[in-house]
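Chains, contacts and geometry: an overview
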Amino acid sequence: MAPTRTLLSGLLGAAALLLSVQSSVAAADRQTVDYHGLRLTVPADWRVVDLDRDPAACLRLDLPTLYLGHAGTQSECAGRAVVNRADTLHLEPLDGAPERADVPTVTVETATALPEAPHPSASNELRYALLRPGVMATVSYGDAPDAVRRVLTRARALSASPGAATPDPRPATPAVAPGGAGHRGVQEAFKGEGFDACTAPTQQAMDTWRTDSPFRAIGIYIGGRARACAQPRLTARWVERQAAAGWHLMPIWVGPQPWNSSSTGLSTDPSEANGQGREAAEGAVDAARSLGMPEGTVLYNDLENYTDRVTWDAPVVAYLTAWTERLHELGFRSAAYVSVSSGVKALSAHYHQAPQAMPDVLWAARWNLSASVGDADMGLPRGTARWAGPRRAHQFRGDHNATYGGVTINIDRNWVDVDPAALGPIGGLPPLS
């Protein structure tokens, strides 16, 4: 996440290990890959990445790719939002596949038995537990899932191994049922340093950084159509363990953005942007509930920087105020991650029009290396009462590798001063001058 952030498609190189085994070019426009008893034909321009051979590879959602095997550390991930989502397919053994509370999962016998109508997904991701081959298939797409679903449905079964057992489909079941009690400790009052990363770090990394780093808060991407990286490690159990360890969690939704893109763009029409804001809030709440996060949790909307304020200020404000109002209706609190040079200015300029619909918490991006949430660092007028008190976060350093206890993660660095309990009744915050 950054004032202007897109993934650089030129940084491929060593990030992807192309399969040389079980892959052959069948024709100029396609390639054939055998995996776990399945034979698939994918477009020739797709990357094929073997995660068993390259566990550090990032499951990027902006490049057409077939990923094979369980995700590893994903230590090569950088970036937080993408302009264009691509068709990707991730196949892994069903045995050992993690629960994905953030992605709808359907259990079927084979790839040819996929439901005709795909399950709606606010994050443009679908998941199929294929019982007969024992494969978990995660589909990611840009505008529509049709093309990548066709790749999956046309997969042919190879000869089954003698005595092969039907796998247990339970990995597809969320660890915490939606609407459950949730993890009450996900957002205790916090003041101090935090970080955000494109993917949920491994448990070993979280434990090491809890001991050896200065961080006690983490921003974690729970969904959204512009999310840059897959989240195969993000489960209700992961959330529960971090909350129990004392981490302050900042759940982030990467919805439509102020740029022109059919897959990830925000509408320039404020009335349409209003509807997109409500839709984003509903998707974020569904994901948060599936991850065991209780009502009252502050949910953050990542809205990236823009330079054309004449075009984007009005739809940005309409989107973020609708996001806030819908979250309040659903019992959650609202926050916005915006750049000091664009989103902060837009919200400040329109604050007087609808103070009750402004985000409860403001997260400002300004990479000035100042660990502070003072007015100047937040891009706010000196002495303002807006977002005063424990209602601010400041991203003061962007995209860089940080190492603690021998564990390196690509992060953004933040100073956080947020207390959900001090925000007042949901939807009933007093107007501030």
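Residues numbered from 1 in each chain as written. Predicted model: local features only at pLDDT ≥ 70, side-chain atom pairs only at ≥ 80, totals over all residues. Heavy atoms only, no water.

**A word on helix H4 (residues 270-290)**
Here is the rule we go by: Here a helix means four or more residues in a row that DSSP labels H or I, a strand means two or more in a row labelled E, and each is numbered from the N terminus. Expected helix span is computed as 1.5 Å times (number of residues minus one). Between buried and exposed lies partly exposed: a residue is buried under 20% and exposed over 50% of the maximum accessible area for its type, with that area taken using a 1.4 Å probe on protein chains only.
Here H4 contains 21 residues, and its C-alpha end-to-end distance of 30 Å stays within 8% of the 30 Å for a straight helix at 1.5 Å per residue. The set of residues buried in H4 consists of Ala 273, Gln 276, Gly 277, Ala 280, Ala 281, Gly 283, Ala 284, Val 285, Ala 287, Ala 288 and Ser 290. Looking one or two residues beyond H4, the residue adopting positive phi is Gly 292, at roughly 85°.

**Points about the pairing of strand S14 (residues 298-302)**
Rules: Handedness of a crossover is defined as follows: orient the strands so they point away from the viewer, and if the path from the first strand over the helix to the second runs clockwise, the crossover is right-handed. For two strands to be treated as a pair, DSSP must find no fewer than two bridges joining them.
Among the 5 residues in S14, 5 count as buried, and that is most of the element. In S14, alternate side chains face the same way, and those of Val 298, Tyr 300 and Asp 302 on one face and Leu 299 and Asn 301 on the other are all buried. Each parallel crossover has a hand, and for strand S13 (residues 248-253) linked through H4 to S14 it is right-handed. For S14 and strand S15 (residues 333-339), the ladder comprises 5 bridges, and the chain directions are parallel. Pairing of Asn 301 across the sheet is with Ala 336, part of S15.

**Section: the packing of aromatic side chains**
Stated precisely, the cut-off is as follows: Any Phe, Tyr or Trp ring, taking Trp's six-membered ring, that has another such ring centre within 6.5 Å forms a pair; planes under 30 degrees apart are called stacked, those over 60 apart edge-to-face, and the others tilted.
Tallied over the entire structure, the rule returns 9 aromatic pairs. The interplanar angle of 80° and the centroid separation of 6.1 Å between the aromatic rings of Phe 195 and Trp 247 together place this pair among those described as edge-to-face. Within this pair, whereas Phe 195 is found in strand S11 (residues 190-196), its partner Trp 247 is found in the loop between helix H3 (236-245) and S13, the two being separated by 52 residues in sequence. On the basis of relative accessibility, which here comes to 1%, the residue Phe 195 falls in the buried class. Measuring from centroid to centroid gives 5.2 Å for Trp 209 and Tyr 404, while their planes differ by 85°, and the two rings are edge-to-face. Linking Trp 209 in helix H2 (residues 203-212) with Tyr 404 in strand S17 (residues 391-404), this pair joins segments that are 195 residues apart in sequence. The class of Trp 209 is buried, set by a relative accessible area of 0%. These aromatic residues form a ring-pair network of at least three members: Phe 195, Trp 209, Phe 215, Trp 247 and Tyr 404.

**Things to note about the state of the cysteines**
Quick reminder of the rule: Pairs of cysteine sulfur atoms within 2.5 Å are identified as disulfides in what follows.
Scanning the entire structure with this criterion turns up 2 disulfides. Two residues share a disulfide in this structure: Cys 58 and Cys 77, whose sulfurs sit 2.0 Å from each other. Disulfide Cys 58 to Cys 77: torsion about the S-S bond roughly 100°, handedness right-handed. In this pair, Cys 58 is assigned in the loop between strand S4 (47-50) and strand S5 (65-68) and Cys 77 in the loop between S5 and strand S6 (88-93), connecting sequence segments 19 residues apart. Comparing Cys 58 with Cys 77 shows no difference in burial state: the two are buried. Here Cys 198 pairs with Cys 229 through a disulfide, and the sulfurs are 2.0 Å apart. The disulfide joining Cys 198 to Cys 229 has a torsion of about 100° about its S-S bond and is therefore right-handed. Of this pair, Cys 198 sits in the loop between S11 and H2 while Cys 229 sits in the loop between strand S12 (217-223) and H3, and the two are 31 residues apart along the sequence. Relative accessible area serves as the criterion here: at 2%, Cys 198 is assigned to the buried category.

**Some details on empty space enclosed by the protein**
Vacant regions in the atomic arrangement are exposed by a probe of water-molecule size rolled over the atoms. The test is simple: Here a cavity denotes a set of grid points, spaced 1 Å apart and computed over the protein atoms alone, in which a 1.4 Å probe fits but from which it cannot get out, and a pocket denotes an open set meeting protein on both sides within 12 Å along at least five of seven lines; residues with an atom within 4 Å of a point are reported as lining. Grid points are joined across faces, edges and corners, and a volume is the space filled by probe spheres set on the points. Residues are grouped as follows: Ala, Val, Leu, Ile, Met, Phe, Trp, Tyr, Cys and Pro are nonpolar; Asp, Glu, Lys and Arg are charged; all remaining types, including Gly, are polar.
As enumerated under the stated definition, the model contains 1 cavity of 30 Å³ or more in all. Of the voids in this model, the largest cavity is the one considered here, and its volume is about 60 Å³. Around the largest cavity sit Leu 59, Leu 61, Tyr 67, Thr 88, His 90, Arg 100, Glu 125, Thr 138, Ser 140, Ala 230 and Pro 232, which together line it. Within the residue set of the lining of the largest cavity, elements represented by two or more residues are S6 and strand S9 (135-140). In the lining of the largest cavity, the residues fall into 5 nonpolar, 4 polar and 2 charged.

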